[in-house]
Amino acid sequence: MTQPSEPVESEELLLTAGPAKGLWRSAFSRLLRRKSGVAGLIIIGFIVLVAIFAPLIAPHSPTEDFIGEPNTTRRDPPCVHLLGCDEELPEHIMGLDGNARDQFSRIVYGSRLSLSVGLSTVAIAFTVGSTLGAIAGYWGRWVDNVIMRVMDVILGFPALLLAIGIVAALGPGLRNTLLAIAIVSIPQYARVMRASVLSVKEEEFVAASRALGAGGWRILLTRVVPNTLTPLVVIGTLGVASAILDAAAFGFLGLGAQPPTAEWGSMLAAERQQIFSAPHLVFFPGIAIMITVLGFNLLGDGLRDALDPSLNE
Amino acid sequence: MRKLRTLLVLLLAFALFAAACSDDDEGSTDGGTDSGDDGTGDDGDDGTGDDGDDGTGDDGDDGDMAEFEGKTIAAPDCDYGGKVSSIEATDRYEVTFTMCSPVPAFRQIAAFTPFGIQPEEHLEASGGAPLDNPIGTGPFMLDEWNRGDSVNYSRFDDYWGDPAPFEQLIIRWAAEGASRLLELQSGTVDQITNLGPDDFETVQNNGDLTFIPVANPNVLYLGMTNTTFEPFADVRVRQAIAMGIDRQRIVDNFYPEGSEVASHFTPCSIPNGCTGDDWYDFDPEAARALLADAGYEDGFSTSIYYRDVFRGYLPEPGVVAVEFQTQLSENLGIDAEVVVMESGEFIDESTSGRLDGFHLLGWGADYPHVTNFLDFHFGEGNPQFGDAHPEIFEKLVEGSQIASDDAAVDVYTDANNAIRELVPMVPIVHGASASASLASVDNAHFRPFGAPLFHRTTPSDDTFVFMQNAEPISLYCADETDGESLAACQQVVEPLLGYAIDSGAVEARLATDCVGNEDATVWTCSLREGVSFHDGSSFDANDVVVSWGAGLDAADPLHVGNTGSFDYYSYLLDSLINPPPAE
């Protein structure tokens, strides 16, 4: 088996040498040695568990309201009996929202939406962007020109504004939000992939495959692409964080998930007027967004460090 | 012979001279209107205004009577569908409104801000669009409009009434209720509008602030375009929805104290507003049975459209929309998607009857008469709820021609019962709302109809700052409908009549009164004398005719405005004169 050559630096991210399997195993062990990466892993692991087991964790349905219940009014502050809240009051550890729904349950269910939006958009952008980047980088010439000029045009627009334009054209809603964020994220994956392919395709093991008569697609898929994925993994991890933030921004603007869906950004927007009278209603969704984004950012940073041999030993 | 010929020539010359002198006199009467007007204005400008007003008052009146040439606008005939036949300046200080049919609510209409009076010269000079430079007779003169920030006024010292006790008025705006309250609490503004329901208690418990209840009659309703979109074409579906919504739950949980479940579309504080049977009781079983009869046993899918704009009848639009969504689902099995729309688009689409689901909208009274609620919404020409029902609009036409409230009881009872039976919409709540001011402001108030009369309040210093929801669209309120624009205009431009500070009673403003004939088809307004506009010109009947004509007559060269639609003129008076051909 031909060995990949030395890593090539691209947009601050580094390709690494060695067989793919060994690379990931050693990268993971290096990740576990970095505190920020471990913290990110723990946070994300926790949020993933919360999302998976939401029906078991949340005490109520996210759409169930408590209007008319005794000792209950809309926007009740958090009540935790263990912390001294009156036993006669119903326990809602993050309080009730403007429609008298349990805020904690909505936060818990909201994690499903945020994670799925983040991962789905990155999956779409990663797949489409890296495919286009790989084709552009490997075949070059007019294919490269056409693809990369289209990417340049997309990059020419401020990402969030372009996404808002796309949602305005397609109509508000979670699916369209997801699509819009994915579309505006495609160019960055395409650019990084193209840069990686441009360097890897000149390596000797690629030339050897070509000399042995392998076809273009075969070389691209089995020799080039596997050796270009590491920077994309880092970008993808960080991309999940920015996708979650974008989705929250769309929710805040009323363009994302529609009521009564529990989504952190729209929860924040619905109660923004109550920032002084019921601060818990903006505090908890804000904290949820912050922690999730922090988790992905820490993991992304950790991965970048772990996959960068120059930072190891 | 020669002497005789000379004598004849002299006689002829004398006769010609005499004739010429006689023509000159008549000519001076014709042309004297303008010169007289100019002269009056010049006198005032030259600083002899007092003399002119006082010293030459009687003389001037006699002279003015002879010189004044009253203007008139008139409809070609009464077939155009509107209420106004003609408006004539019958005297320098008297205007006569002749109607095509009885208009018992004329005084209330004439007291409404869009019918404010500006100098005819100013309207002409501004091409019929004094959008940011209104001139009126009000207690404040416009200094400048800092777009995006504030509108600044200064006191008009020659105001005909009691001048304001402070020098400067500033109107600012903030869309967020929390921001407005924060500004008030920090003392940077003196009064705010539209207190959020959750802030009532905060203000009431703060000794530095004054809580001001606003008694503006209003209604929130759940509209349906009932003849255009399925399944709302079926009256059983509409009745099911009327029974399937727990309105008491909405009022109890989403509205401040003082709000009440709507027994009728029109609040009971309006005469004849709530005659007839009360609205349906909440009965989800009967509602589901009706839905099943109509073939919708499992409900159906639709949308709830609304705009995210704070109003007294809908203080928390998003939250209330979700509550409707919940109730429709739980009580009737109706799956409704909540759709928030941009405000202008929402108003256009809903009032044109183009929304295919429910729409959450309301109405705040412009003037205290039942026609203001019923005629606009259920009149023959309004497509908002689909094709209008003759059972309703025929009664409304009948009622609008009855001068006495007592005599119209039976008609409005029938109209209200027909609305209940046909359910073009579901009236939900008459919402309570409130304003707040600094405790240091004396006589802070918020009128039931229209913005506060700021010149009757006394702040602690020489500047009064008022904060409202939004920036005015323009300051020419003949062609605006939003409350924020009307509040800003109203400080400068006054109508013939006005509303009292604490009720819907009509008071004198530029007219000392408007008196109708027995069948309310002719209204004669006696105007206040000695009133000056902010530009120094004198107010007279022609200013009234020209100001009304600019709004009402679509063929008038001054009928320009902001959008050119002059909505209040066309809807309160049924139609513009010389309306443009329908597209």
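In what follows, the accompanying structure is described. On a predicted model such as this, the values are computed, not experimentally measured, just so you know.

The rules behind each value
- Residues numbered from 1 in each chain as written.
- Chains lettered and ligands numbered in written order.
- Predicted model: local features only at pLDDT ≥ 70, side-chain atom pairs only at ≥ 80, totals over all residues.
- Heavy atoms only, no water.
- Helix = DSSP H or I, 4+ residues; strand = E, 2+ residues; numbered from the N terminus.
- Buried < 20%, exposed > 50% of the residue type's maximum accessible area, 1.4 Å probe, protein only.
- Contact = heavy atoms within 4.5 Å.
- Areas by Shrake-Rupley, 256 points an atom, 1.4 Å probe, with all protein chains shown as cover.
- Pairing = 2+ DSSP bridges.
- Axes fitted to C-alpha atoms, helices over the stretch in contact; angles between N-to-C directions.
- Polar contact = N/O pair within 3.5 Å; in protein donor to acceptor, adjacent residues only side chain to side chain.
- Buried area = accessible area lost by both parts, 1.4 Å probe.
- Salt bridge = Lys/Arg side-chain N within 4 Å of Asp/Glu carboxyl O.
- Nonpolar A, V, L, I, M, F, W, Y, C, P; charged D, E, K, R; others polar.
- Disulfide = S-S within 2.5 Å.
- Phe/Tyr/Trp six-rings, centres within 6.5 Å; stacked < 30°, edge-to-face > 60°.
- Lys NZ or Arg CZ within 6 Å of the ring centre and 35° of its normal.
- Left-handed = near helix turned anticlockwise from the far one by under 90°.

1. A few points about the overall build of chain A
Broken down by element type, chain A carries 12 helices and two strands. Along its sequence from the N terminus, chain A presents helices and strands in the succession β-β-α-α-α-α-α-α-α-α-α-α-α-α. With the principal axes as the frame, chain A shows a C-alpha extent of 80 × 45 × 30 Å. Counting across all 313 residues of chain A, residues that qualify as buried make up 50%. Of the contacts formed within chain A by residues at least 6 apart in sequence, a portion of 71% connects residues at least 24 apart.

2. Details of the overall build of chain B
Across its full length, chain B carries 17 helices and 20 strands. Taking all 583 residues of chain B together, 55% fall into the buried category. Put simply, chain B shows about 23300 Å² of open surface, and 47% of that area lies on carbon and sulfur atoms.

3. Section: the sheet that holds strand S1 (residues 72-74) of chain B
Residue and element names in this part refer to chain B. In space, the five strands of this open sheet follow the order S1-S2-S3-S20-S19, with antiparallel pairing throughout. Where the open sheet ends on each side, the last strands, each with one partner, are S1 and strand S19 (511-516). With strand direction ignored, the average angle separating the axes of adjacent strands in the sheet is 15 degrees. With six bridges connecting them, strand S2 (residues 84-91) and strand S3 (residues 94-99) associate as antiparallel partners. Bridge pairing in S3 links Ser86 to Thr98.

4. Structural notes on the pairing of strand S16 (residues 463-468) of chain B
Residue and element names in this part refer to chain B. Of all six residues in S16, five are buried, a share of seventy percent or more. The sheet contact formed by strand S6 (residues 168-173) and S16 spans six bridges and is parallel. Residue pairing in the sheet places Arg172 in a bridge with Met467 of S16. Note: strand S7 (residues 191-192) against S16, two bridges, orientation parallel. Within S16, the position partnered with Gln191 by the bridge is Phe466.

5. A look at the side chain of Thr521 of chain B
Residues and elements named next belong to chain B. The residue Thr521 is located in the loop between S19 and strand S20 (522-527) in this model. The class of Thr521 is buried, set by a relative accessible area of 15%. Polar side-chain contacts of Thr521 include one of 2.6 Å to the side chain of Asp519. Non-local contacts of Thr521, meaning those with residues more than four positions away in its chain, are made with Phe97, Thr98, Met99, Ser101 and Pro102.

6. Topic: the sheet that holds strand S9 (residues 218-224) of chain B
Residue and element names in this part refer to chain B. In spatial order, the strands read S10-S14-S9-S13-S11-S12; together these six strands make up an open sheet with mixed pairing. For this open sheet the edge positions go to strand S10 (260-261) and strand S12 (335-341), each flanked by a neighbour on one side alone. Packed onto the sheet, helix H7 (residues 235-244) meets S9, strand S13 (358-364) and strand S14 (425-430) and runs at close to 140 degrees relative to S9. Helix-sheet contacts for helix H8 (residues 247-254) involve S10 and S14, and the interaxial angle to S14 is about 35 degrees.

7. Concerning the interface of chain B and chain A
Facing 18 residues of chain B, the contacting portion of chain A comprises 16 residues. Of the roughly 1600 Å² buried between chain B and chain A on both sides combined, carbon and sulfur atoms contribute 43%. Where chain B touches chain A, the interface holds six salt bridges. Across the pair Arg75 of chain A and Glu316 of chain B runs a salt bridge, and its minimum N-O distance is 2.3 Å. The tally of links between chain B and chain A comes to 10 residue pairs in polar contact (both at pLDDT 80 or more). At five residues, the largest contribution of residues to the side of chain B that touches chain A is made by helix H10 (residues 317-332) of chain B. Of the residues belonging to the side of chain B that touches chain A, the class tally is seven nonpolar, four polar and seven charged.

8. What about the state of the cysteines?
In the structure shown here, the tally under the stated rule is five disulfides over all chains. One disulfide bridge connects Cys79 of chain A with Cys85 of chain A, the sulfur atoms lying 1.8 Å from each other. Sign of the S-S torsion, about -95 degrees for the bond between Cys79 of chain A and Cys85 of chain A, identifies this disulfide as left-handed. Under the relative-accessibility criterion, Cys79 of chain A is labelled buried at 5%. Two residues share a disulfide in this structure: Cys268 of chain B and Cys274 of chain B, whose sulfurs sit 2.1 Å from each other. Disulfide Cys268 of chain B-Cys274 of chain B: torsion about the S-S bond near 135 degrees, hence right-handed. Sequential numbering of the bridged cysteines in chain B gives the disulfide pattern 1-2, 3-4, 5-6, 7-8.

9. Observations regarding the side chain of Ser105 of chain A
All names here are of chain A. Locating Ser105 in the fold gives a position in helix H4 (residues 103-139). Within the local environment of Ser105, its side chain forms a polar contact with the side chain of Asp102, the two groups lying 2.6 Å apart. In contact with Ser105, not counting residues within four places along its chain, are Ala58, Pro59, His60, Ser61 and Pro62.

10. Re helix H12 (residues 370-378) of chain B
Each α-helix turn comprises 3.6 residues. Residues three or four places apart therefore point the same way. Residues and elements named next belong to chain B. Taking burial as the measure, the nine residues of H12 include seven buried ones, the bulk of the element. Residues Val370, Thr371, Asn372, Phe373, Leu374, His377 and Phe378 constitute the buried set of H12. Lining the buried residues of H12 we find S9, S13, helix H13 (390-400), helix H14 (409-422), S14 and helix H17 (567-572).

11. Some points on the packing of aromatic side chains
Residue and element names in this part refer to chain B. Inspection of the entire model under this criterion finds 35 aromatic pairs over all chains. With 5.7 Å between their ring centres and 35 degrees between their planes, Phe166 and Phe464 make a pair best called tilted. Here Phe464 lies in strand S16 and Phe166 lies in the loop between strand S5 (150-155) and S6, a separation of 298 residues in the sequence. Accessibility expressed as a relative area gives 0% for Phe464, which makes it buried. Grouping aromatic residues by their ring pairs yields a cluster made of Phe97, Phe106, Phe115, Tyr476, Trp523, Trp548, Phe566 and Tyr569. Over the ring of Tyr280 we find Arg420; its NZ or CZ atom is 4.1 Å from the centre of that ring.

12. Here we look at the pairing of S6 of chain B
Bridge count between S5 of chain B and S6 of chain B: five bridges; the pairing is antiparallel. Residue pairing for S6 of chain B: Asn152 of chain B is matched across the bridge by Ile170 of chain B.

13. Some remarks on the packing of H4 of chain A against helix H5 (residues 141-155) of chain A
Residue and element names in this part refer to chain A. The N-to-C vectors of H4 and H5 enclose an angle of 145 degrees; their axes lie 7 Å apart at closest approach. For H4 against H5, the interelement crossing comes out left-handed. Taken together, the residues of H5 that come into contact with H4 (itself represented by Leu132, Ile135, Ala136 and Trp139) are Arg141, Val143, Asp144, Ile147, Met148 and Met151.

14. Things to note about the environment of Arg74 of chain A
Looking at the element boundaries, Arg74 of chain A is found in the loop between helix H3 (54-57) and H4. For Arg74 of chain A, a relative accessible area of 13% gives the class buried. Separated by 22 residues in sequence, Arg74 of chain A and Leu96 of chain A have C-alpha atoms that sit 6.1 Å apart. Excluding its chain neighbours within four sequence positions, the residues that come into contact with Arg74 of chain A are Asp97, Gly98 and Ala100 of chain A together with Asp198, Asn253, Phe254, Glu316 and Val319 of chain B. One polar contact links the side chain of Arg74 of chain A to the main-chain carbonyl oxygen of Asn253 of chain B, over a distance of 2.5 Å.

15. Some details on the environment of Arg456 of chain B
Residues and elements named next belong to chain B. Along the polypeptide, Arg456 turns up in the loop between strand S15 (433-438) and S16. Arg456 sits in the partly exposed class, given a relative accessible area of 34%. Measuring from C-alpha to C-alpha, the distance between Arg456 and Phe166 comes to 9.7 Å, with 290 residues separating the pair along the chain. Beyond its immediate stretch of four places on either side in the chain, Arg456 contacts Asn443, Ile501, Glu507 and Arg509.

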